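# Topology and contacts: notes
Chain residues, written in single-letter form:
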Amino acid sequence: MESRRSRAKVDLTGILRKSWYRLRLSVRHPSRVPTWDAIVLTAASPEQAELYEWQLKRAKRLGRIASSTVTLVVPDPDGNRIGSGGATLNAIYALARHLEALGPQVENMDTGSSESSVPHERSNSEVSFSPMVSFMAKRHILLLHAGGDSKRVPWANPMGKVFLPLPYLAADDPDGPVPLLFDHILAISCCARQAFKNEGGIFIMTGDVLPCFDASTMVLPEDTSCIITVPITLDIASNHGVIVASKTGILNKTSYVSLVENLLQKPTMEELVKNQAILDDGRTLLDTGIIAVRGKAWVELVRLACSSQPMIADLLKSKKEMSLYEDLVAAWVLARHEWLRLRPLGEELINRLGKQKMYSYCAYDLLFLHFGTSSEVLDHLSGADSGLVGRRHLCSVPATTVSDIAASAIVISSKIAPSVSIGDDSIVYDSSISGGIQIGSQSIVVGVNVPGDSNGIEDNGFRFILPDRHCLWEVPLVGCTGRVIVYCGLHDNPKDSLSRNGTFCGKPWDKVLHDLGIQEGDLWSTRSTHEKCLWNAKIFPILSYFEMLSLAAWLMGLNDRKTKSLLPLWKSSQRVSLEELHRSIDFPQMCIGSSNHQADLAAGIAKACINYGLLGRNLSQLCEEILQKDVSGVKICKDLLDLCSNLQGQNSKILPKSRAYQVQVDLLQACREEKMACELEHKVWAAVADETAAAVRYGFRERVLESSNSTSASAYQSSAFDGCVDQSFRHRDIRIELPVRVDFVGGWSDTPPWSLERAGCVLNMSIKLDDCAPVGTSITTTEQTGIEINDDDTINKVYIEDPTSIATPFNSNDPFRLVKSALLVTGVTRDKFLLSMGLQIHTWTGVPRGTGLGTSSILAAAVVKGLLKITNRDDSNEIVARLVLVLEQLMGTGGGWQDQIGGLYPGIKFTESFPGVPLKLQVIPLMASPQLISDLQQRLLVVFTGQVRPARRVLEKVVTRYLRRDNLLISSIKRLAELARMGREALMNYDLDELGEIMLEAWRLHQELDPYCSNTFVDRLFELAEPFCCGYKLVGAGGGGFALLLAKDADSAKKLRDLLQKDPHLEEYGSEFEVKIYNWALF
């Protein structure tokens, strides 16, 4: 392999954010973004499996795992170790049995070609598994090895190391639960799923490693196994597995795929040199523990697993283990066969799997985050980018004047009382810390609940100090009413024995025993044959809470003067070791306690938000956590609802009524009052319409509905007898033609109520299609009174004799509601001139509505402009744009200002809106050079997908999420507005490639807002266009309609145009979705 790739810093934040985006998309729209058919975790014992099952249910509830994905936890048989290889075979077999039990019946399924293409002499027992093998061969499985006892991260032992807190990107969703290591692993693995395509397979990962890389670009060879590797320095390699790869392979910008020639375990320098494992740049390939098996190799592995129970029985009987990374993998590497034959069951592994090969996929941009020790956990948190780690999340923290909490400390899912101190780079998780506790720097506190009652620490004058670089946690035990307090030093390795410099609380055991007056026999049985170490030391007493705290301080060496009084107490107490704790954890009680703790925190935050805040939190999300409380979740939500009784009385300039109503809707839904919530939703949308009208034009409602200058319906009835009315007819004919608009970036930031409360920015362009401005209206005065409306597109027309009869709300199926709404917002329906003449209104659009070009809003702008012009009123573009914003609220379709701005103002423009009364719009035309316009016209393809989708339902979902203060949505729209500013700079700097990258990110964010803004056909179109394009997106709200394809250059644009015109049906999708490329020109 050639020396290559710069060692630039990996964009950890960018990789994780992209992976999380794809994870959310796969859960919300799995038909577009395929997800795993099954997710399987291994566990060390049935008790640990029970905890993992609870965590998997939680992950599904939180939208981390799709509802269609089968989840399963498989413990080692009878809690006995069989090795990671044995556990892999056992897990595949257990999943096959589980899926078979779920149905459909495996026997009735097509066996497919995958199995039959692999020649193999089968035994009678294997023949019986044939349908199961065929069924499994087509499935896509994620297997996560999460068993073990976490000896080197003992505080994570109760929860399982894979579920330890990892608050990366926690600030993206401050009202959501704290992200776990497991959640991030799911995000990375979700991107890897697409590498399997339609070929079944398994993706195996370990539960203590977060491999940060863009797995969506991963290339897996067909019908083989593949191990993921990354170049590392030789000093690190000496403590890990190393892959020796062929010097020839497939090279691209971010990876290198080559055949695996050998496997080395913790190699010396001599072994590295001898096996030619050193790369040209002086590094070697790390075995990350991530293995993908697909196609024929997967079929053979399934076949082996389905008949593996006798093999596993042999392992249990002989008390031996089969390693995944040494034994099972070696069967795919010819150079390891000789060694493997000497291993337990090695000959059988070679016979069953040895016909296939293993490849190495070297990911140059992979960042290997190992969570193997407590210090590594802190290093990954304290050393990470400050914007990546959420240091305060779902917590209750006192004011800085009554506590001392370091800015770098991480406090998550915890309640901290006054008089508490937390040092630099420490982490406090899932805990309640009462006053009088001092936590040192670089310390870890998990699941600790210090009582704060009258008999607590402060009143007793007792202060507990956790020294720097220590860990403190609590464990509920089976048969024990209380919880055991456990502690150790950050760098203690519980596996290190007395003879190998083992430590406790950072001090050698000899010193600990000497200082405290403890004998070895007090900690370890003299009859035990095991090495004496912290793991099996019976050192942790089971006493009353504050007795345990006092003894903890003494054992840590902080109360050595009290040895005479504390030593007898410690000796006389019942004591347990870490090993015994691991076997006796009360997992159900731990789950209940954690759920109740999270619910109480969420309830406190929600109550404070209602009582003291401006309802800026996502109460809907907080209520989801509150409802997990064992018995009283609904009652808590009802109490919160009672607090909202005076919300409508608050100043609407401070608290918008739409937000106040939405809070009540969310709480009613949490209280299971669906009918009342549904009734109140109408007030939410009415409030949005009123707030829009108030911000766009002073006194709009009064002017339209109660104007003193208007005429009444009775005036029309008696006008023939009123000699004072001027009945002279004045003929006028107004024709308005407008272009359509295409938006590059910024859409959604223009939509109320966002644009009424926050700044909005949009970069768009008005264009003609096929040399035509396709949207227009003609308005003519007639001698006959009344109003005739003609929709030339649908050939529908209606005559309205009494214009004052036009009133909201409109029927959603009324084809004339757009024109009727325009008549209302302009005040024409009550204008006196209609007493002496009538109006004939024609409308047309040269392209289908609902295609993302803003045709409905632009048509509304044309009608409003025409009505203002024919009645001699101010028809300036700014006035028209404002009135259309109100019009869309009256219609009930929602919508923002960018469509009408796009149609009313010519050329390319950057538009900003500033909230206030009235709403301020600033349109900035971009002075594009002739060369830029020419290049843009050559490189930009405007393509109609053949699909139509009204934006109303999309708008409703997005607006509801905003009214709920959905933080992911808010951050997405903020980013869209920021991208609009960047897009403006890119265009002005004549950087179309940069504009393309901005379009791609904007398209990703649009799918974050609404996963249904795309579909499989659009995905296929973009996949086809990607090699030719630097950017692409659907215009408008998406879901179909028009697409913008920005080619890399003019030549690529021509090739793409020819490709699409040659095959407009995109192969398998048929004539229903025929694409059409429009010729366009700047208007």
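Residue positions are given per chain, counting from 1 as you read along its sequence in written order. The predicted origin of the model limits local features to residues at a pLDDT of at least 70 and limits the giving and counting of side-chain atom pairs to 80 or more, whereas totals for whole chains, interfaces and linings rest on all residues. Side-chain metrics in this entry use all non-hydrogen atoms of the structure; hydrogen atoms and water are not considered.

Here a strand is any run of E in DSSP of at least two residues, a helix any run of H or I of at least four, and the numbering for each starts at the N terminus. Regarding its fold elements, the chain presents 38 helices and 41 strands. In summary, the chain has a C-alpha radius of gyration of 34 Å against a globular reference of 31 Å for 1083 residues, a match within 12%. Seen through its C-alpha atoms, the chain measures out along the principal axes to roughly 120 × 75 × 55 Å. For the exposure calls, accessible area comes from a 1.4 Å probe over protein chains only, and a residue counts as buried if that area is under 20% of its type's maximum, exposed if over 50%, partly exposed in between. Buried positions account for 59% of the 1083 residues belonging to the chain. Any two residues whose heavy atoms approach within 4.5 Å at even a single point are treated as in contact. Of the contacts formed within the chain by residues at least 6 apart in sequence, a portion of 71% connects residues at least 24 apart. The convention is simple: Lys and Arg are positive, Asp and Glu are negative, and His and the chain ends are not counted. A single reference atom marks each charge: NZ on Lys, CZ on Arg, CG on Asp, CD on Glu. Distance between charge centroids for the chain: 1 Å, based on 114 positive and 126 negative side chains. For this measure, only C-alpha atoms enter the radius of gyration; the expected value for a globule follows 2.2 Å times N^0.38, where N is the number of residues.

This brings us to the pairing of strand β1 (residues 38-43). Counting buried positions along β1 yields six of six residues, so the element is predominantly enclosed. The side-chain alternation of β1 yields two buried faces, one formed by A38, V40 and T42 and the other by I39, L41 and A43. Pairing between strands requires that DSSP locate at least two bridges from one strand to the other. Bridge count for β1 against strand β3 (residues 140-145) is five bridges, and the pairing is parallel. Bridging from a neighbouring strand, I39 pairs with L142 of β3. Direction of pairing for β1 relative to strand β2 (residues 70-75): parallel, over a ladder of six bridges. Along β2, the bridge assignment pairs L41 with V73. Handedness of the crossover joining β1 and β2 through helix α2 (residues 46-61): right-handed. If the strands point away from the viewer and the path from the first strand over the helix to the second runs clockwise, then the crossover is right-handed.

Residues in a regular strand project their side chains so that they alternate between the two faces of the sheet. Most of strand β37 (residues 940-944) is tucked away: five of the five residues are buried. The alternating pattern of β37 places L940, V942 and F944 and L941 and V943 on opposite faces, both of which are buried. As judged from the five bridges shared by β37 and strand β39 (residues 1042-1047), these two strands associate in the antiparallel manner. Bridging across to β39, L941 finds its partner in L1045.

Take the sheet that holds β39 next. Spatially, four strands are ordered β38-β39-β37-β40 in an open sheet, and the strand pairing comes out antiparallel. Looking at strand neighbours, the two that pair on one side only are β38 (1029-1034) and β40 (1076-1078), the edges of this open sheet. Across the sheet, the mean angle separating the axes of adjacent strands is 25 degrees when strand polarity is ignored. All axes here are fitted lines through C-alpha atoms, helices being fitted over the stretch that makes contact, and every angle between N-to-C directions spans 0 to 180 degrees. Across the sheet, helix α37 (residues 1016-1025) is in contact with β38 and β39; its angle to β38 comes to roughly 165 degrees.

With the exception of glycine, most residues fall at negative phi, and the peptide bonds are largely trans. Cis geometry is adopted by the peptide bond preceding P753, which originates at P752 and carries an omega value of 5 degrees. By the secondary structure assignment, P753 is in the loop between β29 (740-745) and α28 (754-757). Of note, the bond from T808 into P809 is cis; its omega dihedral lies within 30 degrees of zero at 0 degrees. One non-glycine residue, S419, lies in positive phi territory at about 70 degrees. Examined against the element boundaries, S419 turns out to sit in the loop between β15 (415-416) and β16 (421-422). A relative accessible area of 32% places S419 in the partly exposed class.

Moving on, we come to the nonpolar core. Only buried residues count toward a nonpolar core. Its members are Ala, Val, Leu, Ile, Met, Phe, Trp, Tyr and Cys residues joined through side-chain atoms within 4.5 Å. W155, Y168 and L210 are the most contacted members of the largest nonpolar core, which has 146 residues in total. Ranked by residues supplied to this core, first place goes to helix α7 (residues 181-192) with nine residues. Each residue touching W155, except ones within four places of it in the same chain, is listed here: L164, P165, S374, V377, I444, V446, C471 and W473. Counting 101 residues, the second-largest nonpolar core is a separate cluster that includes V745, I870, A881 and V954.

To continue, consider the pattern of salt bridges. In what follows, salt bridge is the name for a side-chain nitrogen of Lys or Arg lying within 4 Å of a carboxyl oxygen of Asp or Glu. Counted according to the given criterion, the structure contains 43 salt bridges. Of the charged contacts in the structure, one is a salt bridge between D666 and R964, with a shortest N-O distance of 2.9 Å. One end of the pair, D666, is in helix α24 (residues 657-670); the other, R964, is in the loop between α34 (952-963) and α35 (967-988), with 298 residues separating them in the sequence. Judged by relative accessible area, R964 falls into the partly exposed class, the value being 23%. The salt bridge involving K865 is made with D875; its shortest N-O contact spans 3.9 Å. Linking K865 in helix α30 (residues 855-870) with D875 in the loop between α30 and α31 (877-891), this pair joins segments that are 10 residues apart in sequence. Look at K865 and you get buried, because its relative accessible area is 14%. Since its relative accessible area comes to 17%, D875 is described here as buried. A network of salt bridges, in which partner residues are shared, links R741, D743, D899 and K1033.

Two aromatic rings from Phe, Tyr or Trp, using only the six-membered ring of Trp, form a pair when their centres are within 6.5 Å; if the ring planes differ by under 30 degrees the pair is stacked, by over 60 it is edge-to-face, and anything between is tilted. By the definition in use, this model includes 17 aromatic pairs. Their ring planes at 75 degrees and their centres at 5.8 Å tell us that W36 and F196 sit as a pair that is edge-to-face. With W36 in the loop between α1 (12-28) and β1 and F196 in the loop between α7 and β4 (201-206), this pair connects stretches of sequence that are 160 residues apart. One aromatic cluster is present, built from ring pairs that chain together Y487, F504, W509, W524 and F540. Here, a charge over a ring is recorded when the distance from Lys NZ or Arg CZ to the ring centre is within 6 Å and its angle to the ring normal is within 35 degrees. Sitting above the plane of the Y962 ring, R965 keeps its charged end 4.7 Å from the centroid. In this structure, K1076 packs its charged tip against the face of Y1078, placed 4.4 Å from the ring centre.

Backbone-to-backbone hydrogen bonds pair the strands of a sheet. The strands run either parallel or antiparallel. Strand order in the open sheet made by the six strands is β12-β14-β17-β20-β22-β23, with mixed pairing throughout. One side of each edge strand has no neighbouring strand; the edge strands of this open sheet are β12 (392-393) and β23 (483-489). One ladder, built from three bridges, connects strand β14 (residues 410-412) with strand β17 (residues 427-429); its direction is parallel. Paired with I412 across the two strands is Y429, which belongs to β17.

In predicted models, pLDDT denotes the confidence assigned by the predictor to each residue on a 0 to 100 scale. For the chain, mean pLDDT is 88; residues scoring 70 or higher make up 91% of the total. Overall, residues 105-127 carries pLDDT values under 50, and its contacts beyond four positions in sequence, including any with other chains, amount to 37 contacts. Low pLDDT, under 50, characterises residues 698-726; the predicted model gives this stretch 41 contacts beyond four residues in sequence or across chains.

Let us look at helix α22 (residues 619-626). The buried count for α22 comes to seven of eight residues, which makes it a mostly enclosed element. Every buried residue of α22 is accounted for by L619, S620, Q621, L622, C623, E625 and I626. Buried-residue contacts for α22 involve α2, α21 (587-612), α23 (633-642) and α24. Polar contacts here mean pairs of N or O atoms no more than 3.5 Å apart (in protein, one a potential hydrogen donor and the other a potential acceptor; neighbouring residues in sequence count only if both atoms are side-chain atoms). Sitting at the amino-terminal end of α22 is N618, which places a side-chain oxygen 3.3 Å from the backbone nitrogen of S620.

With that out of the way, let us pick up the packing of helix α10 (residues 295-306) against helix α14 (residues 346-353). Packing of α10 against α14 brings their axes to within 9 Å, and their N-to-C directions diverge by 140 degrees. The orientation of α10 with respect to α14, classified from their angle, is oblique. Between α10 and α14, the residues in contact are E300, L301, R303 and L304 and L349, R352 and L353, respectively. Under the grouping applied here, Gly and all other residues not named as nonpolar or charged are polar, the nonpolar ones being Ala, Val, Leu, Ile, Met, Phe, Trp, Tyr, Cys and Pro and the charged ones Asp, Glu, Lys and Arg. In terms of residue class, the contact of α10 with α14 is made up of four nonpolar, no polar and three charged. By definition in this entry, angles of less than 35 degrees are roughly parallel, angles greater than 145 are roughly antiparallel, angles of 65 to 115 are roughly perpendicular, and the rest are oblique.

Before going further, it helps to spend a moment on the side chain of E300. Checked against the element boundaries, E300 lands in helix α10. Within the buried core, E300 has no salt-bridge partner, and the shortest N-O distance to an opposite charge, that of R303, equals 5.6 Å. At 3.4 Å, the side chain of E300 forms a polar contact with the side chain of Q356.

This brings us to the environment of E1026. Along the chain, E1026 falls in the loop between α37 and β38. If we ignore the near neighbours within four places in the chain, the residues touching E1026 are Y1032 and K1048.

So, about the side chain of H470. Structurally, H470 is set in strand β22 (residues 470-476). Here H470 falls in the buried class, since its relative accessible area comes to 6%. Polar side-chain contacts of H470 include one of 2.9 Å to the backbone oxygen of D468. When neighbours within four sequence positions are excluded, H470 is seen to be in contact with Q442, S443, I444, C488, G489, L490, C505 and M556.

Listed as buried for helix α15 (residues 374-382) are S374, S375, V377, L378, H380 and L381. Contact partners of the buried residues in α15: β11 (367-370), β14, β17, β20 (444-446) and β22.

Before going further, it helps to spend a moment on the environment of Y990. Tracing the sequence through the fold places Y990 in the loop between α35 and α36 (992-1009). Residue Y990 is classed as partly exposed on the basis of its relative accessible area, which comes to 36%. Considered as a pair, Y990 and P467 are 523 residues apart in the sequence and their alpha carbons are 59 Å apart. In this structure the side chain of Y990 is engaged in a polar contact, spanning 3.4 Å, whose partner is the side chain of Q931.

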